[in-house]
Structure formats: structure tokens, C-alpha cells
Amino acid sequence: MVGPTLDAIVAAKAEAQADLIETPVLPLTSARWDGILPDCAGVTVKLELFQQAGSFKARGALLGIRHLTAAQRTAGVVAASGGNHALAVSWAAQAAGVDALIMMPKATDPARIAGCEALGATVRLHDDMAAAFAAMNAAAEQGRALMHPFEAEHMILGAATCGYEYATQAPQVDTFIIPIGGGGMISGMACAIKQMRPDARVIGVEPFGADSMSQSFAAGEPVRIDRVATIADSLGAPLAMPLSYGVARAYVDDIEKIEDRAMLAAMDIYQNVLRITAEPACAASLAAMIGPLKDDLAGRQVGIIACGSNISLARYAVLMAEL
């Protein structure tokens, strides 16, 4: 089969459960949601922003570092990320006593850089994400263990434990709406969900300015996009890659694209209704549900995910000023 088996997912969840949080699922039923939600049978949100290191990325990072060889632990790890993956790798590496080198774009939210450094990681800044990825690959060639943000079996397996959890916690959900960056989260979650509930519908969400997976689905193979232009830096992967693309293609039913402004509006709703300070990627599922997917969800039991919230108040204020 494509992707991890259900047995492997269950085993991974058991292996990591002592160090990870089984994040809650919240039904969106209060009167404050009236007029916001689509006319569906019910909506739940999985609050993965309460995970270790502030996002779902902790799941895969923990599994990846746990499975390093003794030589790899001695050499240390390297990752490239604009935030959530960087923090997750820094957290997991510190817990394991492994040296972490993190490559980040210069435009990264300073709070994320400080967060990695507070966790003991060494951060090096580069002109953009492409340069950060190139530096990551160079460091891996020089001997560090590569902790790729999405193109890795342990990252897909980690995300699969999140999908397994969600499907277990909310058995009534028949439609899952999941953000897409590089594809690690949706490939893993969809793989787990479809094995547990083959009839469930899994819909991906991408910003128009970072639609590498949509373009890859259309092309029938992983592609690189010419330019990334979105406020959702956690979703700003410039390309799809074979492993995560292949798993996503096997289990994802459709992909919907959204405007940056829709994410800003959803961030505002989360703040006003749930008092959650969501980063753009965290609000992507909600934005798609109340926007382009709204008319398609009538009568459905919908599950969305708030995947992370690593954003400084200063960055949040700058973004919301655009709304």
C-alpha cells in the first residue's frame, strides 16, 4: 500500500504518546458561530495548536529524532523551516540531547527564531526559503542527519497519528478539511483517515500563492512553482516532492484554493469567537469551510484542524492591519 499501514500508525502513536499531547476536538456549537458556519450537520475543530512546540510538526520530529542511529545523534540534525518545523525539531532535539542546526529565511518572525534558540538550536538565516533549503541539503551532505519538513516517512507517520486521533475522537465526521504546505500533514492524516473510514472525504486547502500540490495533482507528478506569494509562511512550500505527493495523491479527494484575505478573516473569527491567536495556516481550514466550500458541505459532518499558532503578537498585528 501507499503510506504507513494502520498497524504502523497505531504503533507510532503508542511509542510517542508519553511525550505528545492528544489534542482536544471541540464541537463548534455555541450561538456565537451562528451565521458563520455553513449549513452542515455539524462542525468540529481539532486544536493541534496545543501540541508540543505549538504545532502538529512535533509528532513527526519526535519520531524522526527517536529513530536516529547513534552516529546520527553524534553528528546532529539539520532542518530548514520558516517556523513550525524549526520549533518542533528544536524541541525534539533538545529532549533527546541532540545538536540541532536550523536554516531559516531572514523574513522569519523573530519570535520563532528566538523560540528555536531558547530550545538550544543554532539558527542561521538565509535570503529566502529556497536558500535555506539549499543550506540544509549542504549541511546534510557534510554529515548532519536531514530532518526534512515534509518529505520524510517519519513526518508522514507523525501526521498520520494526528489523523488517527481525529477520526477516533470524532467518529461522526465524514468530511475533513486539511491545510497543505509541502504535503506532509495532509498525506499522513489522509492516509490514516481513509484506512479507518474509506468513505470519508478529505479535502486539502492551499493558498493561491503557494499551490504546488494543486499544480502537481493537475500535472500528475510533483512540480515546482515559479514563485511563492502568501502570508501563510507555514504553507509556503515551493514544490511538491515524490513521497508526500504520492501518499497525498492516493488518499486526498480534492484540493481547494483560498485567498490570503480569507485566512485573515478566519484568523479574526478565531480570535473573536474562541480567543485563539491563529497564524494564517492555522486558519486555512476554517477559511475554506466558510468560503469556497460553504455550499458543498450541506448536511455533512465537517472536521477542520487548527494546526499551529507560532506567531508573535507583533506579526499578528501587522497581518490583521491588512484586513
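Above this text sits the structure in question.
Residues numbered from 1 in each chain as written. Predicted model: local features only at pLDDT ≥ 70, side-chain atom pairs only at ≥ 80, totals over all residues. Heavy atoms only, no water.

A. Broad picture of the environment of Lys106. Its location among the elements puts Lys106 in the loop between strand S4 (100–105) and helix H5 (110–118). Residue class for Lys106 comes out exposed when judged on its relative accessible area of 52%. Spatially, the C-alpha atom of Lys106 lies 5.5 Å from that of His126, the residues being 20 residues apart in sequence. (Helix = DSSP H or I, 4+ residues; strand = E, 2+ residues; numbered from the N terminus. Buried < 20%, exposed > 50% of the residue type's maximum accessible area, 1.4 Å probe, protein only.)

B. Inspection of the state of the cysteines at higher detail. Under the defined criterion, the tally for this structure stands at 0 disulfides. Of all cysteine sulfurs, the one in Cys307 lies closest to Cys116, which takes part in no disulfide; the gap is 17 Å. Judged by relative accessible area, Cys116 falls into the buried class, the value being 0%. Between Cys191, a free cysteine, and Cys162, which holds the nearest cysteine sulfur, the sulfur-to-sulfur gap is 13 Å. (Disulfide = S-S within 2.5 Å.)

C. Looking closely at the sheet that holds strand S6 (residues 145–146). With parallel pairing, the 4 strands of this open sheet are ordered in space as S5-S4-S3-S6. Lying at the two open borders of the sheet, with one neighbouring strand each, are strand S5 (122–126) and S6. Bridge count between strand S3 (residues 77–80) and S6: 2 bridges; the pairing is parallel. If you follow Val77 over to S6, its bridge partner there is Ala145. Helix-sheet contacts for H5 involve S4 and S5, and the interaxial angle to S5 is about 150°. (Pairing = 2+ DSSP bridges. Contact = heavy atoms within 4.5 Å. Axes fitted to C-alpha atoms, helices over the stretch in contact; angles between N-to-C directions.)

D. Representation of the nonpolar core. Core analysis: the biggest nonpolar cluster contains 70 residues, and Ile177, Tyr270, Met289 and Ile304 have the highest contact counts within it. Of all the elements, helix H11 (residues 260–274) adds the most residues to this core, at 7 residues. Those residues in contact with Ile304 that sit more than four places away from it in its chain are Leu28, Thr44, Val45, Lys46, Tyr166, Ile177, Tyr270, Ser285, Leu286 and Met289. Core analysis: the next-biggest nonpolar cluster, separate from the first, contains 32 residues, Ala58, Leu68, Ile113 and Leu157 among them. (Core = buried A, V, L, I, M, F, W, Y, C linked by side-chain atoms within 4.5 Å.)

E. Molecular detail of the environment of Ser244. Here Ser244 shows up in helix H10 (residues 242–251). Along the sequence, Ser244 and Val10 sit 234 residues apart, while their C-alpha atoms lie 20 Å from each other. In this view, Ser244 contacts Phe150, Glu151, Ile156, Gly182, Gly183, Gly184 and Ser187; residues no more than four positions away in its chain are not counted. Looking at Ser244, its side chain comes within polar contact range of the side chain of Glu151, at 2.8 Å. (Polar contact = N/O pair within 3.5 Å; in protein donor to acceptor, adjacent residues only side chain to side chain.)

F. View of the packing of helix H7 (residues 153–169) against helix H8 (residues 184–196). The contact between H7 and H8 brings their axes to 7 Å, and the two run at 45°. Comparing their axes, H8 and H7 come out oblique. Both H7 and H8 take part in a crossing whose hand is right-handed. Where H7 abuts H8, its residues Met155, Ile156, Ala159, Ala160, Cys162, Gly163, Tyr164, Tyr166, Ala167 and Thr168 lie against Gly184, Met185, Ser187, Gly188, Met189, Ala192, Ile193 and Met196. Across the contact of H7 with H8, the residue classes break down as 13 nonpolar, 5 polar and no charged. (Parallel < 35°, antiparallel > 145°, perpendicular 65-115°, else oblique. Left-handed = near helix turned anticlockwise from the far one by under 90°. Nonpolar A, V, L, I, M, F, W, Y, C, P; charged D, E, K, R; others polar.)

G. Focus on the sheet that holds strand S10 (residues 301–306). With respect to topology, 6 strands assemble into an open sheet ordered S1-S2-S10-S7-S8-S9, the strand pairing being mixed. Taken across any chain shown, the strands that pair with only one partner, and hence form the sheet edges, are strand S1 (25–27) and strand S9 (254–258). Pairwise comparison of adjacent strand axes, ignoring direction, gives a mean angle of 25° for this sheet. Note: strand S7 (residues 175–179) against strand S8 (residues 201–207), 5 bridges, orientation parallel. Bridge pairing in S8 links Ile178 to Gly204. Against the sheet, H7 touches S1, strand S2 (42–47), S7 and S10, its axis set at about 140° to S2.

H. Representation of the packing of helix H1 (residues 6–16) against helix H2 (residues 57–66). Between H1 and H2, the least distance of the axes is 11 Å, while the angle of their chain directions is 85°. Classified by the interaxial angle, the pair formed by H1 and H2 is roughly perpendicular. Two secondary-structure elements touch here, H1 through Ala12, Glu15 and Ala16 and H2 through Leu62, Leu63 and Arg66. A per-class count over the contact of H1 with H2 returns 4 nonpolar, no polar and 2 charged.

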